[in-house]
Every structure is written in structure tokens, then in C-alpha cells.
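Reading the structure
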Amino acid sequence: MRKALLSAPAVERLLPFRGNKIPNVRMQVQATVGTANGKTAAPSRSGLSMLASKHLNQGTSFPAATRTSFGLKGLVPPVQETLDQQVERVISRLNSIQSPIEKYTYLTRLKSENVVLFYRCLIDHLTQITPIIYTPIVGEACQKFSLIYTPGLVEGLFLSKDDVDVIPEVLGNWPYPQPDICVITDGSRILGLGDLGVNGMGIPIGKLSLYIAAAGFNPSRTLPITLDLGTNNEKYLKDPLYLGSRSKRPEDPEFFAYLDAVMSAIKAKWPKMLVQFEDFSSEHAFAALERYRHDYLCFNDDIQGTGAVVLAGFINAVRLSGTPLHKHKIVFFGAGSAGVGVASQLMEHLIKAGIDPQTARDMFWLVDSKGLVTFDRGDKLASHKTAFARSDNNGKQYKTLEDVIDYVQPTSLIGLAGQGGAFKPETLKKMADLNKLPIIFPLSNPLTNAECTFEQAMEHTNGRVLFASGTAFPSCQDPLTKIVVEPGQGNNMYIFPGLGFGSVLAATERISDDMVHQTAVTLAESLTPEEMADRRLYPRLERIREISALIARDVVLVALREGLARDPDVLNIFDATAGQSVSKDVLENNDKAAALHDLVTSRMWSPEYSSAPVKAMM
Ligand SMILES: NC(=O)C1=CN([C@@H]2O[C@H](COP(=O)(O)OP(=O)(O)OC[C@H]3O[C@@H](n4cnc5c(N)ncnc54)[C@H](O)[C@@H]3O)[C@@H](O)[C@H]2O)C=CC1
Ligand SMILES: CC(=O)C(=O)O
Ligand SMILES: [Mg+2]
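Thresholds, definitions, all that
- Residue numbers here run from 1 along each chain, matching the order of that chain's written sequence.
- Each chain gets a letter, beginning with A, and each ligand a number, beginning with 1, in the order they are written.
- In keeping with the predicted nature of the model, local features appear solely for residues at pLDDT of at least 70, side-chain atom pairs appear and are counted solely at 80 or more, and the whole-chain, interface and lining totals rest on all residues.
- As a convention, hydrogens and water are excluded, and side-chain values are obtained from all of the structure's heavy atoms.
- Axes here mean lines fitted to C-alpha atoms, for a helix over just the part in contact, with angles spanning 0 to 180 degrees between N-to-C directions.
- Strands here mean DSSP runs of E at least two residues long; helices mean DSSP runs of H or I at least four residues long; both are numbered from the N terminus.
- An angle below 35 degrees is read as roughly parallel, one above 145 as roughly antiparallel, one from 65 to 115 as roughly perpendicular, and any other as oblique.
- Between two residues, a contact is recorded if the distance between any of their heavy atoms is within 4.5 Å.
- Any residue that is not Ala, Val, Leu, Ile, Met, Phe, Trp, Tyr, Cys, Pro, Asp, Glu, Lys or Arg is counted as polar, Gly included; the first ten are nonpolar and the last four charged.
- Any residue with a heavy atom positioned within 4 Å of a molecule or strand is treated as near that molecule or strand.
- Any N or O atom pair separated by 3.5 Å or less is treated as a polar contact, with the protein-specific requirement of one donor-capable and one acceptor-capable atom, and with residues adjacent in sequence counted only for side-chain atom pairs.
- With residues, only the protein chains shown are counted as cover, and all accessible areas are computed by Shrake-Rupley using a 1.4 Å probe.
- As annotated, the domain borders come from an automatic or database domain assignment.
- Only N, O and S atoms count as donors, using a 2.8 Å limit from the metal and a wider 3.2 Å limit for Na, K and Ca, and since water is excluded some coordination spheres may look unfilled.
- For every residue, the accessible area (1.4 Å probe, protein chains only) is compared with the maximum for its type, and the residue is labelled buried under 20%, exposed over 50%, or partly exposed between those bounds.
- UniProt positions are given in the numbering used here, feature names are shortened, and annotations may be inferred rather than shown by experiment.
- Buried area is understood as the total, over both parts, of accessible area removed when two parts are fitted together, assessed with a 1.4 Å probe.
- Side-chain atoms within 4.5 Å link the members of a nonpolar core, which is a set of buried Ala, Val, Leu, Ile, Met, Phe, Trp, Tyr and Cys residues.
- Crossings are sorted by hand: turned counterclockwise from the far helix by less than a right angle, the near helix makes the crossing left-handed, and turned clockwise it makes it right-handed.
- Patch criteria: residues need more than 30% relative accessible area and no salt bridge. Like-charged residues are merged within 9 Å; nonpolar side chains of Val, Leu, Ile, Met, Phe, Trp and Tyr are merged within 5 Å.
- Within this document, salt bridges are pairs made up of a side-chain nitrogen of Lys or Arg and a carboxyl oxygen of Asp or Glu, the two lying within 4 Å of each other.
- By the counting scheme adopted, Arg and Lys are positive, Glu and Asp are negative, and His together with the chain ends is not counted.
- Where a charge lies is defined by one atom per residue type, namely NZ (Lys), CZ (Arg), CG (Asp) and CD (Glu).
- Pairing between two strands requires that DSSP report at least two bridges joining them.
- The span you would expect from a helix comes to 1.5 Å times its residue count less one.

**So, the packing of helix α6 (residues 100-113) against helix α7 (residues 115-124)**
Their axes nearest at 5 Å, the elements α6 and α7 cross at an angle of 130 degrees. Comparing their axes, α7 and α6 come out oblique. Between α6 and α7, the residues in contact are L107, L110, K111 and E113 and V115, L117, F118, Y119 and C121, respectively. Among the residues forming the contact of α6 with α7, the class breakdown is seven nonpolar, no polar and two charged.

Written as C-alpha cells, this is what we have:
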């Protein structure tokens, strides 16, 4: 008996799988088209369902037998291509497109049509495609979201403040069951571009694409969420095409009441899902992290992810600089969620390295829009800045970055203020005069917000800079040796995939400070001898899946040490019990660590076409 055909979304709802296993799909598609003996050709509507399902579509790679069984013949070109050949076509097409935003929309469409092909392209051409789906082009895509939005394309979930009474129902509308992870923003500080309201949706989408490509999260188990709490962006408030609520953002009590409602609805529906907070304005970023981190599986990427990635680069830069750790003096240009998040992470590391807390704290000078952050400069400091405010300035205030550099004579300059070009040639020269190998990290995103380019940093330090930027810069010739040097990319994308994967795999109760710190140490130690010889601060981006697996493994080890892991397979490897801490001896057992690494890699999703549904039809 032929049963009713399933629509593409209905087929996709059958994808509650991990790794690359899709057993239920085989059964359902088989039952659906009533061809269990494999002899009967299915009606063409089943072919359309296969083509319309972004998870099942193989396009020109559908094998002959599948084309016959599912009525696909004639609906796709006759040629049968390998996935690699399909990738080649995509890259040729991508190269033929001139406009960055058109490249973005082309890739968005590809992802909505064929998930496997999109991720195979992303993984195989990571350095080419990441800057399109992530910083910098995603910034432009967010700014143009109202124009490029495709009706009918469901890429994430919008939760509006008007729906505060029906949040569980809205979550229930998400067409895929059981997400492992969501990235959630309220669009209030998108990259360094300010308040973009619901246009910020591109950020959770882009971050989750990297979770999938870089760590092997399953695409059907990721959930981008954008909260629509209004916007304070005057341009959008007046824009008839703006797609969110045209009202100002609420005051804190309403904001947190809404966020509380969202978080508890999320936990009620998907208790094991990891929540990553992204691009919230600083006051809310710190307060929300503190509010939820103890009772929810969550972290803030801008504070903790950025903190960890910059710490990793800093550890390697310190090693190369020749200046001992305790002698470093670090100036931060920017004292928001990222600046303070990074300073806190660095300070935690200094303390772990044996430097006493007061000495460690005194190694930091933070500069914000009003100058050096001091206790006596006459304004009310936001609470997140007080931990690093200076009191040793003898009543003198330092207003400009140059003044601060002259006063402090730093070894390291970290830019996280979102002010493009703020590290001027004079600034860079001063750093080079003060240090044999100055550490200069212009980390603001997107590209136009970077405090300086790699080329400028190389030129004005005579090639002596230890450099990392938030958005990737092209390589550049050392002005003296003429050797071509690759810049480092200090972007949290090196951290969040592995941190997220490890914590979800181990089903940890929460994300602890030590888990975050470990990600930095593992990343710093992941350089190959060749990468070290090249004076790199970070591993090559092409190795990101390998790096994420190492980070995930080490996050799980910390979770076991802290008694936070609950996954039975993980516990089994270490003969451990949920809620009980595993001893150092057991955690250092090489065989167990290797078994854990195998478990991590076996759970990673890879973009490959599955023949499972087809075999059932033969
Ligand atoms: N590389 C990476 O992985 C990451 C980079 N970022 C980038 O960091 C930047 C800042 O992010 P948040 O800290 O979250 O933003 P934020 O808005 O919370 O903080 C910005 C800080 O810069 C200061 N500032 C603004 N104008 C200034 C000026 N003219 N002079 C000196 N200070 C000034 C502000 O007072 C504030 O302290 C953004 O561009 C963002 O894209 C953020 C997270 C990760
Ligand atoms: C990279 C990132 O998270 C940011 O610029 O906000
Ligand atoms: Mg961010």
C-alpha cells in the first residue's frame, strides 16, 4: 500500500540524528513511497521531496538507482557527479561572482538547497569561504538583511517581545527536533557595527555554520535565535523595510524578565541544549552571563570565547617576545565585553602561572572612550570596568591612547574598541621603539573596524610585530627580510566550536571557568613544529577540525575532573560516575585519553552523501 507522501519539511523532521546516522529517514522514506521490494518506481513527487529537502538533496550526485527508485530521472541533469566535482562547480561559480554580498546570498541559497554540498565546500575551502559567511562579509549581510531576506527561507528563530506569553509555542514551531546548541543574540552590538536589531540574525547563523564545519555539530541540530526587543538604531526605526519591531529597546527589568522567560522555556523544552550568548551589548552581556551560568549550560562567546582565543595567542606571543610573563604590561584599547573578557581571562592565566593576584591585576591598563579607566576620573564606571580601574595615576588622567602608551610603556597593545584605524603609524612606531617584538592585536571586527591592518603593523614596526587580528588579513612581506609572513587571526572561532562540542558531548551541567581556560591552553599548545618555526601564534585555519577535536577532548577532561560530565559513553571510558570527580591519575591515562579522542571524532558530523535511504529501496 502506498502511503501519503511526505513533504520535504516532513522528511527533515525525521532527522533526530547525531553524527552521520540517519536510520529513521530510511524507514520513513521507504514506507512513504511504498517500494520496499525496490522494484516499483516511486512517483515523481517523492523525487521532488528529495530535491526540496536540503538534508537529503544530492543534486547531480544522486546515483542511478536512486534516480530510478525515487522518480528523479529527468529532474536532474543526466551526468552523475562526485561530491568533489560538485564542490568544484560551486567554487568556480563563487569565483565568478564579484560582489561580496552576492557571494553571501549565493552561499545562503546553496545551504538552503543542499546542506552536504555547502558544508563540504566550507570545510574544503575554509579560508576562502569563512570571510564570506562570517566576518567581515556577514557584517555587511546583517546591515543589508532587510534587502537580502528571502521569504520562505527558515534559517533561524525570531523571538519577539510581543510573543512573551507564547514563547514555548514559538519554540515549538522550530521544524527540527532536539537541537544540541543554539546561538542567541538580541542584535544590540553586532560585531563592531552597533545596534542592528533583528538584522543581527546573520551572526547566529554564521557562528553555527562554523560550529558545524569546525567541530562537526550536526546541521539539523543547531538553532540560531534572534530576540526582537526593538532597536535603538534610529535609522532602522525609520526604515519601512526594517523587519523587526520599530520600537526602542526596553529598560533592564523588562529586558531581564523577557530573557528569563526565554531561558526557562528553552530549558523546559531542550534541557540539554547549550546556549551561546552572542553580541549582546556589554552591560547585558556580563549581567546575563552571571545570571544564567550557574544553572544553565551556557557561555558568552564575546567575553569567554574571545578571552580564551586571545589568551592562546598571547601565550605564544609571550614565548616569542623573549620577555618573561610577569614583566608584560598590557594596554587594552576598549573596555567592553570583549576587552574586559580578555583582560579577565589573561589575568586568570597569570594567577594560575603563579603571579600573585594584585601583581597580575596591576599588569593591565584599560582605555575606553573617555581615556584611561581610573577610579578618580570623575564618571561612574560601569561595574565590569572596576576590576581593572587604576588607582595609581596620582590624580592625572590620560585621555588619548598615545598618552597612555607614553605613560605605561606597554609590551602589548590589544584593540577591542571597534574603532577602525585607531592604531596610527605613530602608535605602532612607539610600540616598536619600546619593544624588540611588540605584541599588537587589532582584534575589532569587521575589517573596517580593525585598529590597523597587518601591512601597517609590519611596515611601522619594521616587521617585528607579533600580530593577531579579529578578521583575517592577507599575508604580507617583511619589509627587511622580504619573507612573506602570515598574520594570526585572533578570532573566537578557534574556541567556540571545540568548547561547545566538548560540553555537549560530555552533557556537562554547566561551563566552568577552568573549561574555558583549558581551551586557551590547548589551542596555544596545538601548534606544529612547522607552525612554530613560522612564528605563528595560532595554528593554520585549515586544521580547525583537528584543533576543535583536541579542544573538545580537553574540555571533557576538565568536566570529568570537576564532576560535571554526565554522558554515559564518556563516563564509561573513565569508569566514572556522574557527579563525581575523576582523579588526575585516571585522567592522565593515555589510553583513556585516546579513547576519548576517538569518541569525540566519531561523534563529529561530516558532510557526506548517505546511501542509506537508497539501499532500502533496492
Ligand atoms: N576578535 C574577536 O574574536 C572578537 C572581536 N570583538 C570585537 O571587539 C569590538 C568590541 O566589542 P565589545 O567589547 O563587545 O563592544 P563594546 O561596545 O561593549 O565595547 C567597546 C569599548 O570600546 C570603547 N570605545 C569606543 N570608542 C572608543 C574610542 N574612540 N576610544 C577608546 N575606546 C573606545 C568603549 O568605551 C567600550 O569600552 C567589536 O568590534 C567586536 O567586533 C568582539 C568579540 C570577539
Ligand atoms: C568575533 C565576534 O564574536 C565579534 O566580533 O563579536
Ligand atoms: Mg561576537
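From this point, the discussion proceeds with the structure in view.
**Describing the site of ligand 1**
Around ligand 1 there are 25 residues in total, and R189, S282, A335, S337 and A338 lie nearest to it. Taking S282, its side chain carries an N or O atom lying 2.2 Å from an oxygen atom of ligand 1. Contact between ligand 1 and N492: an oxygen atom at 3.0 Å from a main-chain N or O atom of the residue. For ligand 1, whose accessible area on its own is 850 Å², the fraction buried by protein is 83%. Elements with a minimum of two residues in the shell around ligand 1: α16 (301-321) and α17 (337-352). Here the shell around ligand 1 is built from residues that sort into seven nonpolar, 15 polar and three charged. Mapped onto the domain boundaries, the shell around ligand 1 takes at least three residues apiece from domain 2 (155-300) and domain 3 (305-490).

**Section: the coordination of the magnesium ion (ligand 3)**
Distances from the magnesium ion (ligand 3) to its protein donors, E278 (OE), D279 (OD) and D302 (OD), fall at 2.0 to 2.1 Å. Written as a sequence motif, the donor residues of the magnesium ion (ligand 3) are E-D-x22-D. Of the two residues, D279 sits in the loop between β4 (274-277) and α15 (282-292) while D302 sits in helix α16, which places them 23 residues apart along the sequence. Note on accessibility: D279 and D302 belong to one class, buried.

**Some thoughts on the site of ligand 2**
Taken together, Y134, R189, L191, K207, E278, D279, D301, D302, N445, N491 and N492 make up the full set of residues adjacent to ligand 2. The separation between an oxygen atom of ligand 2 and a polar side-chain atom of R189 is 3.0 Å. Within the side chain of N445, one N or O atom sits 2.8 Å away from an oxygen atom of ligand 2. When the free accessible area of ligand 2 is taken as 210 Å², the share hidden by the protein chains comes to 91%. Of the residues contributing to the shell around ligand 2, the split by class is two nonpolar, three polar and six charged.

**Quick notes on the UniProt feature "domain: Malic enzyme NAD-binding" (unreviewed entry) in the protein chain**
When the UniProt feature table is mapped to this numbering, "domain: Malic enzyme NAD-binding" (unreviewed entry) covers residues 303-560. Secondary structure across residues 303-560 divides into 44% helix and 11% strand, with the first and last C-alpha atoms of the span separated by 24 Å.

**Things to note about the UniProt feature "active site" (unreviewed entry) in the protein chain**
Those places that UniProt annotates as "active site" (unreviewed entry) correspond, in this numbering, to Y134 and K207. Across 74 residues in sequence, these annotated residues keep their C-alpha atoms within 7.2 Å of one another, forming a single compact spot. Relative to the assigned elements, Y134 resides in the loop between α8 (126-133) and α9 (137-143). The residues touching Y134, leaving out its near neighbours within four places in the chain, are K207, L210, N491, N492, M493 and F496. In this structure the side chain of Y134 is engaged in a polar contact, spanning 2.7 Å, whose partner is the side chain of N491. Residue position: K207 is located in helix α12 (residues 202-215). Setting aside its immediate chain neighbours within four residues, K207 contacts Y134, V183, Q276, E278, D301, N492 and F496.

**Some points on the domain arrangement of the protein chain**
Under the domain assignment, the protein chain is made up of domain 1 (53-133), domain 2 (155-300), domain 3 (305-490) and domain 4 (493-603). The C-alpha-based centres of domain 1 and domain 2 are spaced at 29 Å. Listed by partner, the interface residues are twelve residues for domain 1 and eleven residues for domain 2. When domain 1 packs against domain 2, close to 870 Å² is buried across both sides, 66% of that on carbon and sulfur atoms. It is H55, Y119 and I133 in domain 1 that bury the most area against domain 2; as a group they hold 43% of the surface buried on that side. If you look at where domain 1 meets domain 2, you find two residue pairs in polar contact (both at pLDDT 80 or more).

**Topic: the nonpolar core**
The nonpolar side chains of a soluble globular protein tend to be buried with one another. If you look at the biggest cluster of nonpolar residues, it comprises 159 residues, and the most contacted ones within it are L227, F364 and L560. Take this core: its biggest share by element is eleven residues, from helix α26 (residues 544-561). Not counting residues within four places of it along the chain, the set of residues in contact with F364 comprises I330, F332, A343, L346, M347, L350, F388 and R390.

**Overview of the packing of α16 against helix α24 (residues 513-524)**
The N-to-C vectors of α16 and α24 enclose an angle of 35 degrees; their axes lie 8 Å apart at closest approach. In this structure, α16 meets α24 at a crossing whose hand is right-handed. The segment α16 lies against α24, with Q304, A308, V309, L311, A312, I315 and N316 engaging D513, V516, H517, T519, A520, L523 and A524. By residue class, the composition of the contact of α16 with α24 is nine nonpolar, four polar and one charged.

**Examining a negative patch on the surface**
A cluster of acidic residues, E251, D252, E254 and E283, forms a negative patch on the protein surface. Here E283 is to be found in helix α15.

**Some words on the sheet that holds strand β5 (residues 298-300)**
Taking strand neighbours across the sheet as the criterion, the five strands line up as β1-β3-β2-β4-β5 in an open arrangement whose pairing is parallel. Lying at the two open borders of the sheet, with one neighbouring strand each, are β1 (157-160) and β5. Neighbour-to-neighbour, the strand axes of this sheet turn through a mean angle of 25 degrees, independent of strand direction. The sheet contact formed by β1 and strand β3 (residues 222-228) spans four bridges and is parallel.

**What about α24?**
An α-helical turn contains 3.6 residues, so a residue and the one three or four places further along point in the same direction. Taking 1.5 Å per residue, twelve residues should reach 16 Å; α24 reaches 17 Å between its end C-alpha atoms and fits that length. In terms of residue burial, α24 counts as a mostly covered element, since nine of its twelve residues are buried. Every buried residue of α24 is accounted for by M515, V516, H517, T519, A520, V521, T522, L523 and A524.

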